[in-house]
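# Remarks on the overall topology
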Amino acid sequence: MNVVQKILEAHLLEGELNSGNEIGIKIDQTLTQDATGTMAYLEFEAIGIEKIKTELSASYIDHNTIQDGFENADDHLYLQSIAEKYGLYFSKAGNGICHQVHLETFAVPGKTLLGSDSHTPTAGGMGMIAIGAGGLDVATALAGGAFYLPAPKVLKVTLSGKLNPYVTAKDIILKVLQLLSTKGNVGYIVEYSGNGLKSLSIPERATITNMGAELGVTTSVFPSDNITKEFLKAQGREKDWQELLPDPDATYDKELSIDLNSLKSMIALPHSPDNVKEVSEIAGLAVDQVLIGSCTNSSYKDLYTTSKLLDNQVVSPMVSFGVAPGSKQVFQMLTENNLLQNIISAGGRILESTCGFCIGMGQSPSTNAVSLRTNNRNFLGRSGTKSANVYLVSPETALASALTGKITDPEIYFKNTKINFTQPTKYINNNSLLISPLADSDRKHIKILKGPNIGDPPINDRLSDNLSLKCVIKVEDKITTDHIMPAGPYLKYRSNIGKYSEVVFINVDPDFAKNCRNNVSSGYKNIIVGGQSYGQGSSREHAAICPMHLGVKVVLVKSIERIHRANLINFGIIPLIFKKGDDYDSIGKGDELLIENIIKQLKAGQSVTVINKTKNGTYSTDTTFSDREIDYLIAGGKLNLLQRQA
Ligand code: MIC
Ligand code: SF4
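Residues numbered from 1 in each chain as written. Chains lettered and ligands numbered in written order. Predicted model: local features only at pLDDT ≥ 70, side-chain atom pairs only at ≥ 80, totals over all residues. Heavy atoms only, no water.

What follows deals with the overall build of the protein chain. Helices and strands together make up the secondary structure of the protein chain, namely 23 helices and 27 strands. A compact globule built from 646 residues would reach a C-alpha radius of gyration of about 26 Å, and the protein chain, at 24 Å, matches this within 12%. A principal-axis box enclosing the C-alpha atoms of the protein chain has dimensions of 70 × 60 × 55 Å. Seen as two clouds, the 63 positive and the 67 negative side-chain charges of the protein chain have centres 2 Å apart. (Helix = DSSP H or I, 4+ residues; strand = E, 2+ residues; numbered from the N terminus. Rg over C-alpha atoms; globule rule 2.2 N^0.38 Å. Lys, Arg positive; Asp, Glu negative; His and termini not counted. Charge placed at Lys NZ, Arg CZ, Asp CG, Glu CD.)

A separate point is the sheet that holds strand 2 (residues 22–25). In space, the three strands of this open sheet follow the order 1-2-8, with antiparallel pairing throughout. This sheet does not close on itself; its edge strands, each paired only once, are strand 1 (12–14) and strand 8 (147–150). Neighbour to neighbour, the strand axes of the sheet diverge by 45° on average, direction disregarded. The pairing of strand 1 with strand 2 spans two bridges and is classified as antiparallel. Directly across from Glu-14, in strand 2, lies its bridge partner Gly-24. Running at roughly 55° to strand 1, helix 1 (residues 3–11) makes contact with strand 1 and strand 2 of the sheet. (Pairing = 2+ DSSP bridges. Axes fitted to C-alpha atoms, helices over the stretch in contact; angles between N-to-C directions. Contact = heavy atoms within 4.5 Å.)

Quick look at the nonpolar core now. The biggest cluster of nonpolar side chains holds 76 residues, and the ones touching the most others in it are Phe-505, Phe-512, Ile-528 and Tyr-534. Excluding its chain neighbours within four sequence positions, the residues that come into contact with Phe-505 are Ile-473, Val-475, Ile-479, His-483, Ile-484, Pro-510, Phe-512, Ile-528 and Tyr-534. Core analysis: the second largest hydrophobic core is formed by 57 residues, Phe-106, Ala-206, Tyr-300 and Phe-414 among them. (Core = buried A, V, L, I, M, F, W, Y, C linked by side-chain atoms within 4.5 Å. Buried < 20%, exposed > 50% of the residue type's maximum accessible area, 1.4 Å probe, protein only.)

So, about the environment of Ile-412. Inspection of the secondary structure puts Ile-412 in helix 14 (residues 410–413). We classify Ile-412 as exposed; its relative accessible area is 55%. Along the chain, Ile-412 and Ser-280 lie 132 residues apart, while their C-alpha atoms are 9.4 Å from each other.

Before going further, it helps to spend a moment on the site of ligand 1. For ligand 1, the set of nearby residues contains 14 residues, the closest of which are His-63, Asp-117, Ser-118, Ser-539 and Arg-540. Side-chain polar atom of Arg-494 to an oxygen atom of ligand 1: 2.8 Å apart, as the coordinates give it. In this structure, Ser-539 approaches ligand 1 through a main-chain N or O atom, which is 2.7 Å from an oxygen atom. Surface burial for ligand 1 is 97%, taken as the share of its 340 Å² of free accessible area covered by protein chains. (Near = heavy atom within 4 Å. Polar contact = N/O pair within 3.5 Å; in protein donor to acceptor, adjacent residues only side chain to side chain. Areas by Shrake-Rupley, 256 points an atom, 1.4 Å probe, with all protein chains shown as cover.)

All right, on to the packing of aromatic side chains then. Per the counting criterion, the structure on display carries 12 aromatic pairs. A centroid spacing of 4.7 Å and a plane angle of 50° characterise the contact between Tyr-89 and Phe-106, whose relative ring orientation is tilted. In this pair, Tyr-89 sits in strand 5 (residues 89–91) while Phe-106 sits in the loop between helix 4 (98–105) and strand 6 (112–115), placing the two residues 17 residues apart along the sequence. Looking at Tyr-89, the relative accessible area reads 22%, which means it is partly exposed. Consider the rings of Tyr-166 and Phe-414, whose centres lie 5.3 Å apart with planes at 35°: the pair is tilted. Taken together, the residues Tyr-166 in the loop between strand 9 (153–160) and helix 6 (169–180) and Phe-414 in the loop between helix 14 and strand 20 (434–435) connect sequence positions 248 residues apart. (Phe/Tyr/Trp six-rings, centres within 6.5 Å; stacked < 30°, edge-to-face > 60°.)

In this chain, Pro-270 is followed by His-271 through a cis amide linkage whose omega measures -5°. Within the fold, His-271 resides in the loop between strand 13 (266–268) and strand 14 (276–278). The phi angle at Ser-294 is positive, at roughly 80°, despite the residue not being glycine. Within the fold, Ser-294 resides in the loop between strand 15 (289–292) and helix 10 (300–309).

In this structure the tally under the stated criterion is 28 salt bridges. When the shortest N-O distance is used, the salt bridge between Glu-45 and Lys-450 registers 3.3 Å. Taken together, the positions of Glu-45 in helix 2 (residues 34–47) and Lys-450 in the loop between helix 15 (440–443) and strand 21 (467–474) put the pair 405 residues apart, joining distant regions of the chain. For Lys-450, a relative accessible area of 42% translates into the label partly exposed. Measuring nitrogen to oxygen at the nearest pair gives 2.9 Å for the salt bridge that ties Glu-55 to Lys-111. Here the residue Glu-55 occupies a position in the loop between helix 2 and strand 4 (56–60), and Lys-111 occupies one in the loop between helix 4 and strand 6, the gap between them amounting to 56 residues. What makes Lys-111 partly exposed here is its relative accessible area of 25%. (Salt bridge = Lys/Arg side-chain N within 4 Å of Asp/Glu carboxyl O.)

Moving on: the packing of helix 2 against helix 3 (residues 70–86). Taken N-terminus to C-terminus, the directions of helix 2 and helix 3 make an angle of 45°; their axes are 10 Å apart at the nearest point. On the basis of their axis angle, the class for helix 2 and helix 3 is oblique. Considering only the axes of helix 2 and helix 3, their crossing is left-handed. Only Asp-75, His-76, Tyr-78, Leu-79, Ile-82 and Tyr-86 of helix 3 make contact with helix 2, whose side of the interface consists of Asp-34, Gly-37, Thr-38, Tyr-41, Leu-42, Phe-44 and Glu-45. For the contact of helix 2 with helix 3, the per-class residue count stands at seven nonpolar, three polar and three charged. (Parallel < 35°, antiparallel > 145°, perpendicular 65-115°, else oblique. Left-handed = near helix turned anticlockwise from the far one by under 90°. Nonpolar A, V, L, I, M, F, W, Y, C, P; charged D, E, K, R; others polar.)

Spatial ordering of the open sheet is given by 7-6-3-4-5-20, a layout of six strands whose pairing is mixed. The open sheet terminates on both sides in strands that have one partner only, identified here as strand 7 (129–132) and strand 20. Bridging between strand 6 and strand 7 involves four bridges; their strand directions are parallel. In the sheet register, Thr-112 faces strand 7, and the bridge partner there is Ile-129.

In this section: helix 5 (residues 135–142). For helix 5, the tally of buried residues reaches eight of eight residues, placing the bulk of the element in the interior. Those residues of helix 5 not exposed but buried are Gly-135, Leu-136, Asp-137, Val-138, Ala-139, Thr-140, Ala-141 and Leu-142. Gly-144 occupies a position one or two residues after helix 5 and carries a positive phi of about 95°.

The local shell around ligand 2 consists of His-63, His-99, Asp-117, His-119, Ser-294, Cys-295, Cys-355, Cys-358, Ile-359, Asn-376 and Arg-382. Here the residues of the shell around ligand 2 are counted per class, giving four nonpolar, five polar and two charged.

Below, the discussion takes up the pairing of strand 25 (residues 592–595). Where strand 21 meets strand 25, four bridges bridge the pair, whose relative direction is antiparallel. By the bridge assignment, Leu-467 is partnered in strand 25 with Ile-595. In terms of strand pairing, strand 25 meets strand 26 (residues 609–612) through two bridges, oriented antiparallel. Note on strand 26: the bridge partner recorded for Leu-593 is Asn-612.

Here the focus is the packing of helix 10 against helix 13 (residues 395–404). With their axes 10 Å apart at the nearest point, helix 10 and helix 13 run at an angle of 25° to one another. On the basis of their axis angle, the class for helix 10 and helix 13 is roughly parallel. As helix 10 packs across helix 13, the resulting crossing turns out to be right-handed. Taken together, the residues of helix 13 that come into contact with helix 10 (itself represented by Asp-302, Thr-305, Thr-306 and Leu-309) are Pro-395, Glu-396, Leu-399 and Leu-403. Residue composition of the contact of helix 10 with helix 13, grouped by class: four nonpolar, two polar and two charged.

The structure is reproduced here in structure tokens:
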């Protein structure tokens, strides 16, 4: 068996690993963050369970900590009271980004983790099967329910050789993205292997599994070896270690090799993480902003390197330069070892240990700016400035470019600079911002605190047999959940579906919400028509809930990404895939579409037929729903069923 099979086999509750069908697995740990967490816990409360049933669950505050207005602070209080009531760890604002903190504090080789954030696979660097999902799936896992996924295919990526100085783990994953793209990898889990692993530390492995999310795979995983053991030991958690290696005769569904010796520094160009070139190909382009941080590149090694490379240097006067340590641990390690000094002297702005700029919470670049960032997504407008061009790079490339004021290959720029980083043998463990679960006797008295911005979890209507639909929007390929449900300034409405729904697709079609409402008042449900890889990116289930609130009942696309597909089904929206991609061309915005006897068609496992009354066309669709998914769709969503069962 390979590592993926070993972990899944040990957690299998339903189905068979090699069947190609759906499997149900036991979830050991969960994580949530504030932006998806409020809805996840509202859903958990609605299920009606007394105490969480996982081995360990943690609720992090890291996405929105700006607190402009009461809404955000109220969300934090709600989440803290939920953690106290139901037995979760609570990581307060300032403790760090969920994935970095989870890696340091809780990740355990061989265990499973489900997180309401698409970068949950970060913990795969520790040898866990760590999967991103919608909040309702995490709520289900908290209540002890299985997590369902199609039995995965495993892609082996063999890393051989050793990286040259200033070529990094980030360049490895950017190379993988260049080779595989963000499309067409649904259903795979990536397993890393090869002698190249010997020189990759846990935070570097975590950079790779983190940004594996951009491939659209279910997750990515590294074996657990002596390097894993040393990291856990330095975190004071050696007892959590177990060796986890593939069997010598393990088999894989697909293979890919990367020679680390010949790898160059890579860069993702606007506006997609797979638009990757070598840095040398675009060197010389003037840069306005450089930001180091996010869950991809904010480990102690990343910031140690940042400090050392800035020693006695000053960043270009034309560059706005910010650095966000990924966690309080990283921040404290920097202060303890006198490393902040160089960053401050060089002209760096020290930012809070949160997601911040990565999700458009602050640091929006100037008009038409070139912004170089170490995070994982550069979707159009995500930075908060639609005209800005965001490039994704390693901290080393970011630093060389910040110093010169133009995109610069660090291999050349730093060729005479030598820095020696060795992994610390002991990390600082100070838990002043991490609150442990309460004893059962103390939990009973806790009152849940809900500010006025926090609403009820939304529930959909039961599916009706005939659907009269209006095409409310037609979008192209690679529509991300950031397009559907923008974050940034709107984040504080994550707990208020009515208000948040007003901005669905706002940067694509500002009239979307209004048009949805008009169609509903004329007796139609809404249908969204889209291209390839619809719903890439974030796990935010609001990209399903808010359209549902606006009367969207069907999404008809050329292909769809895993987490978004699951979220749509969880909230009773039917994702249909064109059998013939060309049919997409014949549908226009405003067309009237009809699906007859849909419940019968779904139950019979038939290809659902969509009739275009405006254009006189008929489209067949691929339907690969499991029985469980059909039950959710008919009931109008998973919550309706779970409540009935509870
Ligand atoms: C992201 O990186 O897009 C986010 C913000 O972390 C999301 C979660 C969210 O939208 O709250 C994710 O990756 O799932
Ligand atoms: Fe936060 Fe950005 Fe990581 Fe998402 S990708 S968890 S917004 S740092």
